[in-house]
Amino acid sequence: MRDLGAGFGYLVKGQRWAAGHGSSLGTGLLPGLITLVMYVGALVGLAYGADDFVSWATPFADGWSSPWLGLFRGCLTALVFALGLFLAVISFTAVTLLVGQPFYEKLSGDVDRAESGGEAPESGLPLWRELWISARDSLRILVRVAFYGILLFGLGFVPVIGQSVIPAIGFCVTGFFLAEELTAVALQRRGMELRPRLALLRSRRLLVLGFGVPLALAFVIPLVAVFLMPGAVAGATLMVRDLLGESADSDSDSDSDSDSDSGDGGDGDGDGDGEANGSGSGGGAGQGSVRIPERP
């Protein structure tokens with residue numbers, strides 16, 4: 001259960017980090033605002049066009065008498081708009097991350113550099129390739145979310161658990177995949193594909209849920225999501241460093257450096273050990289402390 005509190009702690013730390021770095025916060029807000037304007041425009045268009053779409057899709061009801069025609073098409077119009085709103089909520093983060101890929105890449109890199117003393121892993125891929133991978137993986141995640149959403153929607157009609165347990169499970173599922181989308185920014189820079197990312201997150205489910213579920217509850221309101229996104233990306237990067245053990249590696253590197261420094265004044269063996277350790281983990285300054293799996 002300690003991981004739940006640790007996950008929420010990373011969410012709070014991320015918000016504090018973004019608030020303490022004004023330039024990163026301003027840059028991180030821009031993609032969310034752009035996406036919000038796009039979604040508001042799409043929902044307004046849907047609100048005006050949903051009734052026309054329903055009338056076009058149900059020509060068999062043209063001859064129905066009042067009030068049945070109005071009730072039938074009115075209910076369908078409400079369902080179409082509700083479906084559009086649901087899709088907007090669950091896809092907002094993925095689209096925002098896609099629109100803001102360069103911005104969030106920079107923000108995540110800034111967090112890594114601040115935490116590791118100036119080092120930040122890079123994927124080495126061109127921007128178009130990173131955008132393609134991000135869009136492809138986001139689509140795969142949305143398919144998974146849609147599958148679970150349909151399943152949980154059906155279970156919602158089961159008496160008692162459908163009104164209590166199922167909504168809680170739904171927020172856990174949403175929180176997990178929301179955390180996946182956010183940690184993907186840092187993990188893609190480390191060359192990690194979707195399947196290894198999911199395996200990594202499943203290895204610390206409670207940590208991931210402690211981070212993702214409170215965020216999912218807040219992201220129900222898109223306007224709130226806009227202002228929390230920069231801190232969410234920063235917090236997800238901090239959590240990735242924990243998941244990969246990079247913080248521990250950094251501590252051990254600093255300990256070995258101090259040991260080698262103290263050994264400089266000693267005998268020749270101490271100097272030799274210090275040089276050996278430096279060469280052994282020195283590629284460690286670049287990649288040794290970051291476990292980058294090979295791309296398939």
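Note that the structure is a prediction, hence the values are computed from the model and not measured.

Caption draft 1: Fine view of the nonpolar core. Judged by nonpolar contacts, the single largest core of 50 residues is most densely connected at Leu 97, Phe 176, Leu 182, Phe 211, Leu 215, Met 229 and Val 233. Top contributing element to this core by residue count: helix 9 (residues 222–243), with 11 residues. Excluding residues that lie within four positions of it along the chain, Phe 176 makes contacts with Leu 198, Leu 201, Arg 202, Val 208 and Leu 209.

Caption draft 2: Representation of the packing of helix 5 (residues 127–155) against helix 7 (residues 194–202) in the model. The geometry of helix 5 relative to helix 7 is characterised by a closest axis approach of 11 Å and an angle of 55° between their N-to-C directions. Considering their axes alone, helix 5 and helix 7 lie oblique with respect to each other. Contact with helix 5, carried on its side by Asp 137, Arg 140, Ile 141 and Arg 144, involves Leu 194, Arg 197 and Leu 198 of helix 7 and no other residues of that element. For the contact of helix 5 with helix 7, the per-class residue count stands at 3 nonpolar, no polar and 4 charged.

Caption draft 3: Representation of a positive patch on the surface. The grouping of Arg 144, Arg 195, Arg 202 and Arg 205 at the surface amounts to a positive patch. In this structure, Arg 195 sits in helix 7. Residue Arg 195 is classed as exposed on the basis of its relative accessible area of 70%.

Caption draft 4: Just the environment of Leu 187, in detail. With respect to the helices, strands and loops of the structure, Leu 187 is situated in helix 6 (residues 165–189). According to the relative accessible area criterion, Leu 187 is buried, its value standing at 0%. For the pair Leu 187 and Ser 108, spaced 79 residues apart in sequence, the C-alpha separation works out to 9.9 Å. If we skip the residues at most four places from it in the chain, Leu 187 touches Met 192, Arg 197, Leu 200, Val 240 and Leu 244.

Cut-off values and rules
- Residues numbered from 1 in each chain as written.
- Predicted model: local features only at pLDDT ≥ 70, side-chain atom pairs only at ≥ 80, totals over all residues.
- Heavy atoms only, no water.
- Core = buried A, V, L, I, M, F, W, Y, C linked by side-chain atoms within 4.5 Å.
- Buried < 20%, exposed > 50% of the residue type's maximum accessible area, 1.4 Å probe, protein only.
- Helix = DSSP H or I, 4+ residues; strand = E, 2+ residues; numbered from the N terminus.
- Contact = heavy atoms within 4.5 Å.
- Axes fitted to C-alpha atoms, helices over the stretch in contact; angles between N-to-C directions.
- Parallel < 35°, antiparallel > 145°, perpendicular 65-115°, else oblique.
- Nonpolar A, V, L, I, M, F, W, Y, C, P; charged D, E, K, R; others polar.
- Patch = residues over 30% accessible without salt bridge, like charges linked within 9 Å, V, L, I, M, F, W, Y side chains within 5 Å.
- Areas by Shrake-Rupley, 256 points an atom, 1.4 Å probe, with all protein chains shown as cover.
- Salt bridge = Lys/Arg side-chain N within 4 Å of Asp/Glu carboxyl O.
- Lys, Arg positive; Asp, Glu negative; His and termini not counted.
- Charge placed at Lys NZ, Arg CZ, Asp CG, Glu CD.

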